[in-house]
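Read off the chains here:
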Amino acid sequence: MRARRPNAAAWLCIAAGLLGYLLLPWYAIQDTSWWQALPGIFSEGEAANGLLQASRQGRPWLYAGLAGLGLAAVGALLRPGRAQGRWLLAGGALGALGLAAAGFTIGARGWSIAAFNTLFGELSVNQFGIGAGGFVAVAALILLAAFGLARLGFFRGDLFVSGAVVGCAVLLLLFIAWPVGKALAGAFFDEDGGWSLAAFAERIFTARIWGLGCVAGGTSCGVAWNTLLLALLTAAGTTFLGTLMALMAERGSRRWQGPLKVIALLPIITPPFVVGLGLILLFGRAGVVNQLLEAWFGIQPTRWFYGLPGILTAQLFAFTPIAFMIMRGVVQGIAPSLEEAALMLRADRWRTFRTVTLPLMKPGLANAFLVGFIESIADFGNPVVVGGQYSVLSTDIFFAIVGAQYDQGRAASLAWVLTLFALTVFALQRGLLGKQNYTTVSGKGDAGIPMPLPAGVRSMVYAIAFPWILFTVVVYLFAFTGGFVQTWGRDYTLTLNHFRTAFSLEWGQFGLVWAGTAWNSLWTTLKLAGISAPITAALGLLIAWLLARNEFKGQGVFEFAALLAFAIPGTVLGVSYILAFNVPPLELTGTGLIIVLCFMFRNLPVGVRAGTAAFKQIDRSLDEASLMLRASTAQTLFKVVLPLLKPALVAALVYSFVRAMTTVSAVIFLVTAENELATTYIIGRVGNGDYGVALAYCTVLIVLMSLATALIQVLVGERRLGRRKAGTAAATVATPA
């Protein structure tokens with residue numbers, strides 16, 4: 001196929017670019033969707049196509065894209081080779097960079113850069129945010145430039161790999177590096193708006209951030225050390241608990257696997273408010289635990305839970321399921337034949353587990369630790385609810401932005417510290433894994449039986465994982481009860497009034513009426529989460545494949561850019577999106593699209609890390625065999641590799657969907673009356689003291705997300721590795737004495 005039509009991809013992109021110029025509205029029109037603007041593409045006005053905008057409406061800079069398409073068309077007429085590559089690269093780069101330069105320098109009021117008014121004079125025309133036509137044309141030009149690089153010998157000459165790397169790099173640059181960089185740059189501006197390194201140093205080197213009062217005998221450390229200690233404890237704890245639960249799910253008794261998969265994932269399908277309230281009802285000053293201690297032992301209730309113990313417990317509760325999803329796929333991928341070989345060489349189960357099984361889990365452990373660390377430093381919901389006087393960087397950033405002071409420079413300086421922490425752990429992880437090989441899924445048959453856990457490991461798994469799961473159930477029982485009682489803490493009469501307020505249905509003159517106050521936010525949240533989740537999972541696994549199966553210059557920077565959204569607190573990311581996308585060329589503020597993009601790039605790192613851990617276990621020979629049989633790279637990826645990534649795909653889909661349904665900090669500044677989300681509705685109810693309706697809504701969300709999680713697992717299915725099940729004791733490999 002590739003040999004017969006080697007230039008088909010280039011011609012397809014050229015055709016798409018021309019389609020964007022001729023048959024779609026070039027600019028986005030406020031309060032109007034692109035399909036509503038279609039009737040006006042051939043007449044002068046805001047909805048005109050790109051060619052009319054350039055030729056008749058005084059915007060000649062749009063000719064850059066047409067010129068780029070023309071140069072690329074010349075290249076597409078040539079045979080594949082370096083000459084063609086130069087034409088494609090020149091055309092794609094000229095068109096894309098020309099349109100990008102015009103987009104960032106010419107806005108709704110003319111020149112976006114004040115100095116250009118002096119140099120070139122004021123513009124008589126302006127331009128708005130890019131629309132459907134501009135997006136299609138720019139995307140086509142970027143792909144043409146990528147194809148040019150491939151023809152010049154980069155990326156081993158593979159058009160798909162080149163297009164994927166360049167395309168993903170542009171997305172990461174545009175929707176992560178650009179907005180985050182714009183927000184972080186605020187740390188270098190003084191109060192008068194001037195560039196100043198002294199202002200940055202003054203903000204960042206303070207006792208509040210780096211104080212060592214606790215070391216010197218004081219009562220508190222700087223927020224940086226508080227954050228680092230909490231993150232290390234959380235990452236270690238979540239990785240440990242997630243690994244134990246993964247071993248229990250894959251190597252334990254089969255009767256526990258179903259309930260465990262549901263209960264272990266409960267915390268991530270829950271709005272943060274539920275977890276915080278449940279923990280406070282258990283361990284708060286008036287909580288059940290303190291009341292029992294007072295009744296049984298005469299211990300006076302205190303606020304001992306508020307601080308490091310409370311935040312650590314809440315974060316372990318919230319982030320352990322992520323480690324569980326990552327580690328479950330890793331444990332599944334361990335080849336039983338390797339364990340059987342050790343057992344046949346007279347190693348006992350403990351030694352086999354320690355020297356074979358555990359080392360093969362190393363990529364998953366490193367990735368789970370990294371994700372847990374970054375989730376911890378970026379989390380502000382749990383520290384706000386149960387943090388007490390224990391300050392961390394994320395809460396300081398939040399109050400610097402939303403407080404009366406609105407000190408963007410201080411918030412940006414604190415975000416720099418978080419980024420430094422994330423970069424350090426990222427570098428350590430890469431150094432730990434290095435170039436070591438962890439392949440366990442190869443093209444060879446492996447019908448071995450997974451080794452039962454050693455007695456000591458099994459005892460530890462059940463002794464720790466079971467109590468943690470029971471603790472999860474108890475917290476949720478307390479939280480669920482709040483939606484079914486009249487007034488928590490005063491009147492425990494059972495009622496369904498809270499559900500009626502939020503989700504009542506009535507028959508009106510024209511049929512069924514969604515009368516409940518929560519329906520609008522629920523449908524909006526389901527729609528936006530449903531759109532973002534599959535795109536996030538696909539993009540995350542594609543980036544993981546690029547990182548695991550390809551080598552190219554700047555790969556480390558590329559990987560860190562994909563991780564950067566996790567290192568930035570959600571509040572900072574939300575504010576950065578407002579700063580970056582409130583003006584041309586991307587006017588997205590107030591639309592549902594900006595929320596979808598925030599969901600996507602905020603949740604992207606989990607898909608990348610889960611996919612990276614899974615790829616470490618899959619032998620490259622599978623890819624190579626497919627390519628040798630004349631399958632294209634895309635066919636190999638979708639028909640050979642993707643079926644082996646089902647655990648990582650489930651993890652990415654489930655996480656992306658449920659986090660989009662429950663996130664608060666990243667979208668709190670992006671929602672509007674038309675795009676109200678479930679979490680903002682809940683926060684509003686909590687702010688009004690209406691806890692019953694808030695908890696009732698949370699209960700409905702948990703049920704819906706549980707059903708969605710089950711549906712995802714059914715649709716994706718389990719990975720089939722051709723292995724036997726340990727159905728009988730006789731089938732199990734005997735352990736040497």
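Residues numbered from 1 in each chain as written. Predicted model: local features only at pLDDT ≥ 70, side-chain atom pairs only at ≥ 80, totals over all residues. Heavy atoms only, no water.

Engineer: Give a description of the pattern of salt bridges that names residues and reports values.
Structural biologist: Within this structure, the stated rule accounts for five salt bridges. Between arginine 659 and glutamate 375 there is a salt bridge whose closest N-O contact spans 3.1 Å. Note that arginine 659 is positioned in helix α30 (residues 646-662) and glutamate 375 in helix α18 (residues 362-378), a separation of 284 residues in sequence. By relative accessible area, glutamate 375 is classed as buried at 4%. Arginine 410 serves as the salt-bridge partner of aspartate 396, at 3.4 Å between the closest nitrogen and oxygen. Taken together, the residues span a long stretch of sequence, with aspartate 396 in helix α20 (residues 393-402) and arginine 410 in helix α21 (residues 408-433) at a distance of 14 residues. What makes aspartate 396 buried here is its relative accessible area of 6%. Of the residues examined, arginine 410 reaches a relative accessible area of 23% and is grouped as partly exposed. Taken together, the shared-partner salt bridges connect Arg208, Asp396 and Arg410 into one network. (Salt bridge = Lys/Arg side-chain N within 4 Å of Asp/Glu carboxyl O. Helix = DSSP H or I, 4+ residues; strand = E, 2+ residues; numbered from the N terminus. Buried < 20%, exposed > 50% of the residue type's maximum accessible area, 1.4 Å probe, protein only.)

Engineer: Please provide a residue-by-residue account of the side chain of aspartate 379, values included.
Structural biologist: The residue aspartate 379 is located in the loop between α18 and α19 (381-386) in this model. Although aspartate 379 is buried, it forms no salt bridge, and the closest oppositely charged side chain is arginine 659 at an N-O distance of 6.5 Å. What aspartate 379 contacts, discounting residues up to four positions off in sequence, is Gln315, Phe319 and Ser394. (Lys, Arg positive; Asp, Glu negative; His and termini not counted. Contact = heavy atoms within 4.5 Å.)

Engineer: I'd like a description of empty space enclosed by the protein, backed by residues and values.
Structural biologist: For the structure shown, the criterion picks out six cavities of 30 Å³ or more. Roughly 70 Å³ of internal volume is contained in the second largest cavity. Along the walls of the second largest cavity sit Ala183, Ile401, Gln408, Ala411, Ala412, Val572, Val575, Ser576 and Leu579, which together make up its complete lining. Every element with two or more residues in the lining of the second largest cavity is listed here: α21 and α26 (570-580). For the lining of the second largest cavity, the leading source of residues is α26, giving four residues. For the lining of the second largest cavity, a count of residues per class yields seven nonpolar, two polar and no charged. (1 Å grid on protein atoms, 1.4 Å probe; cavity = no way out; pocket = protein on both sides within 12 Å on 5 of 7 lines; lining within 4 Å. Points joined across faces, edges and corners; volume = space filled by probe spheres on them. Nonpolar A, V, L, I, M, F, W, Y, C, P; charged D, E, K, R; others polar.)

Engineer: Describe the nonpolar core, listing the residues and the values that go with them.
Structural biologist: Grouped together as the largest cluster of nonpolar side chains are 179 residues, with contacts concentrated most on Ile543, Tyr577, Phe601 and Tyr697. Sequence-distant contacts of phenylalanine 601, defined by excluding residues within four places in its chain, comprise Leu171, Phe175, Ile176, Leu539, Ala565 and Tyr577. Core analysis: the second largest hydrophobic core is formed by 30 residues, Ala73, Trp111, Ile142 and Ala146 among them. (Core = buried A, V, L, I, M, F, W, Y, C linked by side-chain atoms within 4.5 Å.)

Engineer: Talk me through the confidence of the model for the protein; I want residue IDs and the actual numbers.
Structural biologist: Confidence in the prediction of the protein, expressed as mean pLDDT, is 83, and 90% of residues score 70 or more. Predicted confidence for residues 726-737 stays below pLDDT 50, and this span has 13 contacts to residues more than four positions away or in other chains. (pLDDT = per-residue confidence, 0-100.)

Engineer: An account of helix α17 (residues 349-360) is needed here, citing residue identities and associated values.
Structural biologist: Taking 1.5 Å of rise per residue, the 12 residues of α17 would be expected to cover 16 Å, and the 15 Å separating its terminal C-alpha atoms lies within 8% of that figure. For α17, the full list of buried residues reads Thr352, Phe353, Val356, Thr357 and Leu360. For α17, the arc enclosing every buried residue in end-on projection is 120°, short of the 170-degree limit, so these residues lie on one face. Residues of α17 that are buried in the fold lie against α11 (223-251), α15 (308-333), α16 (336-344), α18 and α22 (455-481). (Expected span 1.5 Å × (residues − 1). Arc of directions from axis to C-beta.)

Engineer: How would you explain the environment of glycine 163 if you had to name every residue and give the values?
Structural biologist: Tracing the sequence through the fold places glycine 163 in helix α8 (residues 159-184). With a relative accessible area of 11%, glycine 163 lands in the buried category. Measuring from C-alpha to C-alpha, the distance between glycine 163 and leucine 143 comes to 5.5 Å, with 20 residues separating the pair along the chain. Residues within four places of glycine 163 in sequence aside, it is in contact with Leu143 and Ala146.

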